[in-house]
Amino acid sequence: MSWKENYAHKLMSAEEAVKHICSADRVVLSHAVGEPTHLIDAMVENHKAYENVEIVHMVAMGSADYVKPEMAKHFRHNAIFVGRSTRDAIHEERGDYTPCFFYEVPRLFKESLPVDVALIHVTEPDEHGFCSFGVSVDYSKPAAECARTVIAQINPQMPRTLGDTYIHMDDIDIAVFHDAPIIELGASKIGDVERAIGEHCASLIKDGDTLQLGIGAIPDAVLLFLKDKKDLGIHSEMISDGVVELVEAGVVTNKRKNFHKGICVVTFLMGGKRLYDFVNNNPMVQMFPVDYVNDPRIAMQNDNLVSINSAVQVDLMGQVVSESIGNLQISGVGGQVDFVRAAAFSKGGRSIIAMPSTTARGTVSKIVAFIDEGAAITTSRNDVDYVITEYGVAKLKGKTLRERAKALINIAHPNFREELSRLYKERKK
């Protein structure tokens, strides 16, 4: 049977497809904007047929109706990264959180969390029968490779990304055709604080550096101040629309990369149609699974690797909290530690933790004498390199605890510096 005949044989409706999910199955969903929303909606609609189905994924961009209280008997969410739509379920113990470095997630599926069903979202097959995972390769491809059953949402609007992004129709068990736009991420709101942080971050970036950027207002603000740089490269877990602008302006060329020269290397995408159109069949952007892109032993092979990530709190020793507020899990480790360590091993590398100096409309300092009780330390004081707020840059690596405290107090909001100095002195007694 040819792949075309095989494809035709495997095609069915979403309603029929999700009947192949059984009670107590572990179901892994493709990541972020690659979420197969049509399949998920059909699965939720069919909830009465299931008991104790475990739903595993990282960032959820859809409505995540499977975590609603009335679904508790039918679904239980296991979050590897807690998203906005899933936080209440985790806090109210209708779901669980599994800590894991991003680059190790595929290993979880191979060793600790065997996959019964992978719900994936891919392009239409090409002339050879290969579909591309498009915007979400990361753990989505590895999950499909070790799943008992692979159910694919086939979408002609999914951009065909290049690299290690393919799955053949022979390896898809059930195909559901659904023509729909890819989830788009709204533009971040960049204010004066974010602009100041972005400018400080850009001051540490040199011509020819290779960048890892996160998502949100601060990374977007950093990009605003890179337009006078030359020959920047990208090796990042993700990119968004701002990178497209820098490519078109001739700032990002990847020409001075010593590893994957001439290529932006990423594992997933989050942005808008401009980004999705840019990456479609573009040899300049190549995507690979996260256990390659984020593995510090791989990423470190880029000389002059600069990582930029955010935080919830940093204490005066340099301990970084990025995923919880007290004992409330609000996100996850993601790729922060992957790239902090990769930058440390990279020849000429630098890692940056960037954040506003305050939260809660200026009433709470994010630089603290003591981290909140119950909070998880994401990046250890031994790993942290630079910390940046709108008030400046604190270089911590190689500094004593006393020097660190002084540097961090100097970039705290002025309203909190006196109190931080007092608390630091008191803790020494």
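Everything discussed here concerns the structure shown above.
Let me begin by describing the structure that accompanies this report. (Residues numbered from 1 in each chain as written. Predicted model: local features only at pLDDT ≥ 70, side-chain atom pairs only at ≥ 80, totals over all residues. Heavy atoms only, no water.)

## Remarks on the overall build of the protein chain
To keep things clear, this is the line we draw: Numbering of helices and strands runs from the N terminus; a helix is a DSSP stretch of H or I covering at least four residues, while a strand is a stretch of E covering at least two. The size measure is the radius of gyration over C-alpha atoms, and the globule rule it meets is 2.2 Å times the number of residues to the 0.38 power. Relative accessibility thresholds used throughout: buried, under 20% of the residue-type maximum; exposed, over 50%; partly exposed, between the two (1.4 Å probe, protein chains only). Contacts are assigned to residue pairs that have any heavy atoms within 4.5 Å of one another. Here, Shrake-Rupley sampling with a 1.4 Å probe gives the accessible areas, and only protein chains in the shown set may cover a residue. Positive charge is attributed to Lys and Arg, negative charge to Asp and Glu, and no charge count is given to His or to the chain ends. Every charge is mapped onto a representative atom, which is NZ of Lys, CZ of Arg, CG of Asp or CD of Glu.
When you go through the protein chain residue by residue, the secondary structure sums to 15 helices and 25 strands. Taken over the C-alpha trace, the protein chain has a radius of gyration of 22 Å; the compact-globule value for 429 residues is 22 Å, and the two agree within 12%. Each of the three principal axes of the protein chain carries a C-alpha extent, and together these read 75 × 50 × 35 Å. Looking at the protein chain as a whole, 59% of its 429 residues qualify as buried. For the protein chain, contacts bridging at least 24 residues in sequence account for 71% of all contacts bridging at least 6. As displayed, the protein chain offers around 17700 Å² of accessible surface, 49% of which is attributable to carbon and sulfur atoms. Of the side chains in the protein chain, 47 bear a positive and 57 a negative charge, and the two mean positions are spaced by 9 Å.

## A look at helix α15 (residues 414-427)
Worth spelling out the cut-off: In this analysis, the expected span of each helix is defined as 1.5 Å times one less than the number of residues it contains. By arc we mean the arc of the directions from the helix axis to the C-beta atoms, nothing more.
The terminal C-alpha atoms of α15 lie 21 Å apart, and with 14 residues this matches the ideal 20 Å at 1.5 Å per residue to within 8%. If you check which residues of α15 are buried, you get Phe416, Leu420 and Tyr424. Along α15, the residues classed as buried sweep out an arc of 75 degrees about the axis, all on the same side. Along α15, exposed side chains directed more than 90 degrees from the buried face belong to Glu418 and Lys425. Residues of α15 that are buried in the fold lie against β21 (358-359), β22 (364-365), β23 (367-368) and α14 (401-411).

## Digging into the nonpolar core
The condition that has to hold: Residue types Ala, Val, Leu, Ile, Met, Phe, Trp, Tyr and Cys, when buried and joined through side-chain atoms within 4.5 Å, form a set referred to as a nonpolar core.
With 77 residues, the main nonpolar core has Phe109, Ile120, Ile167, Leu226 and Ile352 as its most contacted residues. Those residues in contact with Phe109 that sit more than four places away from it in its chain are Val28, Val56, Ile80, Pro114, Val115, Tyr139, Ala143 and Cys146.

## Observations concerning the packing of helix α7 (residues 192-202) against helix α8 (residues 217-224)
As a reminder, the rule being used: Orientation is described by axes fitted as lines to C-alpha atoms, over the contacting stretch for helices, and by angles from 0 to 180 degrees between their N-to-C directions. Roughly parallel refers to an angle under 35 degrees, roughly antiparallel to one over 145, roughly perpendicular to one between 65 and 115, and oblique to any angle outside these ranges. Each helix crossing is assigned a hand: it is left-handed if the near helix lies turned anticlockwise from the far helix by less than a right angle, otherwise right-handed if that turn is clockwise. Classification used: nonpolar for Ala, Val, Leu, Ile, Met, Phe, Trp, Tyr, Cys and Pro, charged for Asp, Glu, Lys and Arg, polar for all others including Gly.
Relative orientation of the contacting elements α7 and α8 amounts to 60 degrees, with a least axis distance of 7 Å. Judged by the angle between their axes, α7 and α8 are oblique. Considering only the axes of α7 and α8, their crossing is right-handed. For the pair formed by α7 and α8, the contact residues are Glu194, Arg195, Ile197, Gly198 and Cys201 on the first element and Ala217, Ile218, Ala221, Val222 and Leu224 on the second. Of the residues contributing to the contact of α7 with α8, the split by class is seven nonpolar, one polar and two charged.

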